[in-house]
Amino acid sequence: MVGYDPEAKCVSTAEAAAAGSASGFVTRVLVSPLDVIKIRFQLQIEQLSSRSPGAKYHGILQAVQRIFQEEGLRAFWKGHVPAQLLSVGYGAVQFMAFESLTKLVHNVTSYNARDSFVHFVCGGLAACTATVAVQPVDTLRTRFAAQGEPKIYRNLRHAVVTMYQTEGPRTFYRGLTPTIIAIFPYAGLQFSFYNILQQFSEWVIPAEGKKGGNVKNLVCGSCAGIISKTLTYPFDLFKKRLQVGGFEHARAAFGQVRMYRGLLDCMRQILREEGPGGFFKGLSPSLLKAAVSTGLIFFWYELFCSLLCTLKSTDSTTRKEG
């Protein structure tokens, strides 16, 4: 059901946006702790090892224990309000754009809207559109998740006003370049691999075994998330490092801090000081998060679309009977 299907004209563009928003909302609540841990790992200059002097975080379990002891349970949902705005807005724009683009391809070209290559291109373009729309919220989410105690920003309004007054409006788009570079292949691979895996499952699973469609959607989405995240991960790390530029004073309690003049300078400094492995800091929680979040995004999206179709069908039947 993801993407335009000429044989199943059920979900409108507005309904796709609503389903995308709802799936983003539910998924964000469940994966926020993994996101906080991933961001903390990405921003740590020291090696993620107990043998590294001054390293605050060594691994996932150790990070969970330390964050809980120092900041409490609520710390795992730091920045949750901007994160929810991000998820709801991103989900709505991405799925609405994806459905519209695949429909456009079907109507004006000779390509099949269900083709994996079409899903790759349309998925990438849809994600770029959504990214530009929600990038300021993403920057706010990163700042909230990155700050320790005492807090620099008291709430969302205080963060927006402070950042605007002290750093200017361009600060809300810090890290946009690596984000756009990474998001096209990442989202494109998500949608194309999800499509490929769905087609593969239909070929492998016999007709009588296709009742567990929701589980299949979850598994296909999780696998697609792991593959796409692994291939594009370094750019996500670059984005996070750039987004906290000008915010170094709030990072002092976490260890060393660095200032980067741009994407290339960020890449050079990481390679020189942290080695090639520095490009993949936080990969473990990131892959865990990608598997869970991508699987849940597609699972909830397909489920909400099915519910909308069922409601429309029931309403249409009721009106005919009436």
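Just so it is clear, the structure is predicted and the values come from calculations on it, not from any experiment. Numbering of residues begins from 1 in every chain and follows the order in which that chain's sequence is written. Local features in a predicted model are, by the rule used here, given only for residues with pLDDT of at least 70; side-chain atom pairs are given and counted only at 80 or more, and totals for whole chains, interfaces and linings are based on all residues. Neither water nor hydrogens contribute to the side-chain values; these are computed over all heavy atoms in the structure.

Draft legend 1. Focus on the nonpolar core. Remark: nonpolar core denotes a set of buried residues (Ala, Val, Leu, Ile, Met, Phe, Trp, Tyr, Cys) joined through side-chain atoms within 4.5 Å. Each residue's exposure class comes from its accessible area (1.4 Å probe, protein chains only) as a fraction of the maximum for that residue type: buried when under 20%, exposed when over 50%, partly exposed otherwise. Membership of the largest hydrophobic core comes to 17 residues, with the highest contact counts inside it found for Val2, Phe95, Phe98, Phe191, Tyr194, Phe298 and Tyr301. Strands here are runs of E lasting at least two residues and helices are runs of H or I lasting at least four, both read from the DSSP assignment and numbered beginning at the N terminus. Elements that contribute at least two residues to this core include exactly helix H1 (13-43), helix H3 (80-108), helix H4 (116-146), helix H6 (176-204), helix H7 (213-243) and helix H9 (283-321). Any two residues whose heavy atoms approach within 4.5 Å at even a single point are treated as in contact. In this structure Tyr194 touches Val2, Leu189, Asn217, Cys220, Gly221, Ala224, Phe298 and Glu302, once residues within four positions along its chain are discounted. In terms of nonpolar packing, the next biggest core, distinct from the first, is built from eleven residues, Leu86, Val93, Val134 and Ala290 among them.

Draft legend 2. Representation of the domain arrangement of the protein within the structure. The domain architecture assigned to the protein consists of domain 1 (11-77 + 281-314), domain 2 (80-173) and domain 3 (181-278). With 21 residues of domain 1 in contact, the opposing surface of domain 2 contributes 18 residues. For the domain 1 and domain 2 pair, buried surface summed over both sides reaches about 1,600 Å², with 64% attributable to carbon and sulfur atoms. Buried area: the accessible surface (1.4 Å probe) lost by two parts on joining, summed over both. Taken as a group, Thr13, Arg28 and Ile39 account for 29% of the area that domain 1 buries against domain 2, more than any other trio of residues on that side. Under the rule applied, a polar contact is a pair of N or O atoms within 3.5 Å (in protein, one hydrogen donor and one hydrogen acceptor; residues adjacent in sequence only if both atoms are side-chain atoms). At the boundary of domain 1 with domain 2, the tally comes to five residue pairs in polar contact (both at pLDDT 80 or more). Domain start and stop positions are those given by an automatic or database domain assignment.

Draft legend 3. Focus on the packing of H1 against helix H2 (residues 60-71). At a closest axis distance of 11 Å, the pairing of H1 and H2 adopts a crossing angle of 100°. In terms of orientation, H1 lies roughly perpendicular with respect to H2. Judged by residue contacts, Ile37, Arg40 and Phe41 of H1 engage Ile60, Ala63, Val64, Ile67 and Glu71 from H2. Residue polarity follows a fixed list, in which Ala, Val, Leu, Ile, Met, Phe, Trp, Tyr, Cys and Pro are nonpolar, Asp, Glu, Lys and Arg are charged, and the others, Gly among them, are polar. Among the residues forming the contact of H1 with H2, the class breakdown is six nonpolar, no polar and two charged. Every axis in this analysis is a line fitted to C-alpha atoms, fitted for helices over the stretch in contact. Angles between the N-to-C directions lie between 0 and 180 degrees. What sets the label is the angle itself: under 35 degrees gives roughly parallel, over 145 gives roughly antiparallel, 65 to 115 gives roughly perpendicular, and the rest give oblique.

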